[in-house]
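Residue-level structure breakdown
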Amino acid sequence: MKRRRMEKGGYYTVEAVFIVTICIWVVMALLYSGLYIHDRMVVVSEMNQKLAEKFQRGDGEAALEWQDEARQSIANKLMLMRIKKIKVKKGVLSAEMTVTYDLPVSLRGIKSLFSGGRPNMSLAVARELVNPVKYKWDYDILKGKGSR
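The structure displayed is predicted, hence computed values, not measured ones.

**Side note on the side chain of K50**
- As for its placement among the helices and strands, K50 is situated in helix α1 (residues 2–56).
- Despite its burial, K50 pairs with no opposite charge, the nearest such side chain being E53 at 4.1 Å.
- Those residues in contact with K50 that lie beyond four places of it in its chain are W66, A70, S73 and M97.

**Considerations on a nonpolar patch on the surface**
- A surface patch of nonpolar side chains, amounting to about 430 Å² of accessible area, comprises V20, I24, V27, M28 and L31.
- Taking the relative accessible area as the measure of exposure, L31 reaches 53% and is therefore exposed.

**Comments concerning the nonpolar core**
- Counting residues in each nonpolar core, the largest one holds 28 residues, and the members touching the most others are V43, I83, I86 and L103.
- At the level of secondary structure, the elements contributing two or more residues to this core comprise α1, α2 (64–75), β1 (82–90), β2 (94–102), α3 (108–115) and β3 (121–128).
- By residue number, the principal contributor to this core is α1, which donates 7 residues.
- Leave out the neighbours within four places in its chain, and L103 touches Y36, L80, M81, K111, F114 and M121.

**A short note on α3**
- Within the sequence span of α3, burial applies to I110, F114 and S115. Looking down the long axis of α3, one finds its buried residues gathered within 120 degrees of arc, a one-sided arrangement. Turned more than 90 degrees away from the buried face of α3, the exposed residues are R108, G109 and L113.
- Directly beyond the C-terminal end of α3, a positive phi value near 70 degrees is found at G116.

**A short note on the environment of M97**
- Positionally, M97 belongs in strand β2.
- On the accessibility criterion, M97 (0% relative accessible area) is buried.
- Spatially, the C-alpha atoms of M97 and L51 are 7.4 Å apart, while their sequence positions differ by 46 residues.
- Look past the residues within four positions of M97 in its chain and what remains in contact with it is M47, K50, L51, W66, I86, K87, V88, L123, A124 and V125.

**Some details on α2**
- In a regular helix each residue adds 1.5 Å, so 12 residues correspond to 16 Å; α2 covers 16 Å between its end C-alpha atoms and thus fits that length.
- Among the residues of α2, W66, Q67, A70, S73 and I74 are the ones counted as buried. Projected down its long axis, α2 carries its buried residues within an arc of 125 degrees, all on one side. Of the exposed residues in α2, those oriented more than 90 degrees away from the buried face are L64, E65 and E69.

**Observations concerning the pattern of salt bridges**
- Using the criterion set out here, one finds 2 salt bridges in the structure.
- Residue R82 is joined to D102 by a salt bridge in which the shortest nitrogen-to-oxygen separation is 2.9 Å. On the criterion of sequence distance, the pair formed by R82 in strand β1 and D102 in strand β2 is long-range, its members being 20 residues apart.
- On the basis of relative accessibility, which here comes to 44%, the residue R82 falls in the partly exposed class.
- On the basis of relative accessibility, which here comes to 10%, the residue D102 falls in the buried class.

Rules and cut-offs
Residues numbered from 1 in each chain as written. Predicted model: local features only at pLDDT ≥ 70, side-chain atom pairs only at ≥ 80, totals over all residues. Heavy atoms only, no water. Helix = DSSP H or I, 4+ residues; strand = E, 2+ residues; numbered from the N terminus. Buried < 20%, exposed > 50% of the residue type's maximum accessible area, 1.4 Å probe, protein only. Lys, Arg positive; Asp, Glu negative; His and termini not counted. Salt bridge = Lys/Arg side-chain N within 4 Å of Asp/Glu carboxyl O. Contact = heavy atoms within 4.5 Å. Patch = residues over 30% accessible without salt bridge, like charges linked within 9 Å, V, L, I, M, F, W, Y side chains within 5 Å. Areas by Shrake-Rupley, 256 points an atom, 1.4 Å probe, with all protein chains shown as cover. Core = buried A, V, L, I, M, F, W, Y, C linked by side-chain atoms within 4.5 Å. Arc of directions from axis to C-beta. Expected span 1.5 Å × (residues − 1).

Printed below as a string of structure tokens:
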């Protein structure tokens, strides 16, 4: 009798090992997902802020020093992503910032889930540089409708 009871006890141990292993993988995936979503939101928010600071005031072109400073500023606020480079293009009516980043995750399954199988991932944000109120005011002054 005692021998049969000992054999049954081993089944629960083996099952518990499988269940705990699966639970650990699920918890790790959830943690990485939270960190990844946090970092994406921080990067997009910071990119919008940096573009607004630089171009809405009419500061001109994006110098390499400014791009390095923006990269360092964004990288200091991230938990999981690693910023590789920042590229800024300024057009006549808009400015676009593209951030190329990498995920230093050793778990291939989780990394491929986030990256979609691409080695380098990027995020892009564009801001319009048009200030309609200012153009309306200038138009009114040119047409003689407004006073200065």
